[in-house]
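Reading the structure
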Amino acid sequence: MKKARVWLETHAIDVVFHDYKTAGIDRRTLERWVAAKGWETILNRAGTTFRKLPEADRLALTPERAVTLMLAQPSMIKRPVLEGDGTLIVGFRPEFYETLLSA
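A brief look at the structure comes next. (Residues numbered from 1 in each chain as written. Predicted model: local features only at pLDDT ≥ 70, side-chain atom pairs only at ≥ 80, totals over all residues. Heavy atoms only, no water.)

Some points on the packing of aromatic side chains
- In total, this model carries three aromatic pairs according to the counting rule given.
- With centroids separated by 4.7 Å and ring planes inclined at 90°, the aromatic side chains of phenylalanine 92 and tyrosine 97 adopt a geometry described as edge-to-face.
- The exposure class of tyrosine 97 is buried, given its relative accessible area of 0%.
- Among the aromatic residues, those joined into a cluster by ring pairs are Trp7, Phe92 and Tyr97.
- Taking the ring centre of phenylalanine 17 as reference, the NZ or CZ of arginine 5 above it sits at 3.8 Å.
- Cation over ring: arginine 93 sits above phenylalanine 96, and NZ or CZ is 4.2 Å from the ring centre. (Phe/Tyr/Trp six-rings, centres within 6.5 Å; stacked < 30°, edge-to-face > 60°. Buried < 20%, exposed > 50% of the residue type's maximum accessible area, 1.4 Å probe, protein only. Lys NZ or Arg CZ within 6 Å of the ring centre and 35° of its normal.)

Observations concerning the packing of helix α1 (residues 2-10) against helix α8 (residues 94-101)
- One can describe the packing of α1 onto α8 by two numbers: an axis separation of 11 Å at closest approach and a directional angle of 35°. Of the two elements, α1 crosses α8, and the hand of that crossing is right-handed. In this structure, α1 uses Ala4, Trp7 and Leu8 to contact α8, whose residues at the interface are Pro94, Tyr97, Glu98 and Leu101. (Axes fitted to C-alpha atoms, helices over the stretch in contact; angles between N-to-C directions. Helix = DSSP H or I, 4+ residues; strand = E, 2+ residues; numbered from the N terminus. Left-handed = near helix turned anticlockwise from the far one by under 90°. Contact = heavy atoms within 4.5 Å.)

Things to note about the pattern of salt bridges
- In this structure the tally under the stated criterion is four salt bridges.
- One salt bridge in this structure joins arginine 32 and glutamate 83, with 2.0 Å as the shortest N-O distance. Here arginine 32, found in helix α3 (residues 27-37), pairs with glutamate 83, found in strand β1 (residues 81-84); they are 51 residues apart in sequence, far enough to count as distant.
- By relative accessible area, glutamate 83 is classed as partly exposed at 44%.
- Notably, a salt bridge pairs arginine 65 with aspartate 57, separated by 2.8 Å at the nearest N-O pair.
- Judged by relative accessible area, which is 23%, aspartate 57 ranks as partly exposed. (Salt bridge = Lys/Arg side-chain N within 4 Å of Asp/Glu carboxyl O.)

Considerations on the environment of tryptophan 39
- Examined against the element boundaries, tryptophan 39 turns out to sit in helix α4 (residues 39-42).
- Here tryptophan 39 falls in the buried class, since its relative accessible area comes to 11%.
- Considered as a pair, tryptophan 39 and alanine 12 are 27 residues apart in the sequence and their alpha carbons are 30 Å apart.
- Among residues more than four places away in sequence, those in contact with tryptophan 39 are Val34, Arg45, Leu61, Thr62, Pro63 and Ala66.

With respect to the nonpolar core
- Core analysis: the largest hydrophobic core is formed by 20 residues, its most contacted members being Leu30, Trp33, Ile42, Met70 and Ile77.
- Those elements that provide at least two residues to this core are α3, α4, α7 (63-72) and β2 (87-90).
- The greatest single-element share of this core, amounting to four residues, is contributed by α7.
- Ignoring any residue separated from it by four or fewer positions in sequence, one finds isoleucine 77 in contact with Tyr20, Ile25, Leu30, Trp33, Ile42, Asn44 and Met70. (Core = buried A, V, L, I, M, F, W, Y, C linked by side-chain atoms within 4.5 Å.)

Keep in mind that these numbers describe shape and distance, not what the molecule does.
Now the structure itself:
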């Protein structure tokens, strides 16, 4: 998150920050992200919150099950998610930001 914020500031790109880890996220938005990028992209399986789940909860995931897990524990959503002007970027990769956000 820190690197993404620095990159956005350096390139004078204004964003509205929504901390879904503390403020939560609505089902409709999360389902839209999953439909656009796939639950495999949105769900942060490398994070400790996901890894601490019982094995039964981590296996045989479906889009619906992944959304339910992320709604219950928003820290399982990969960060950052940038959305605007028809663009949805998940995670920070400077080359994607450069290509998609620089005018």
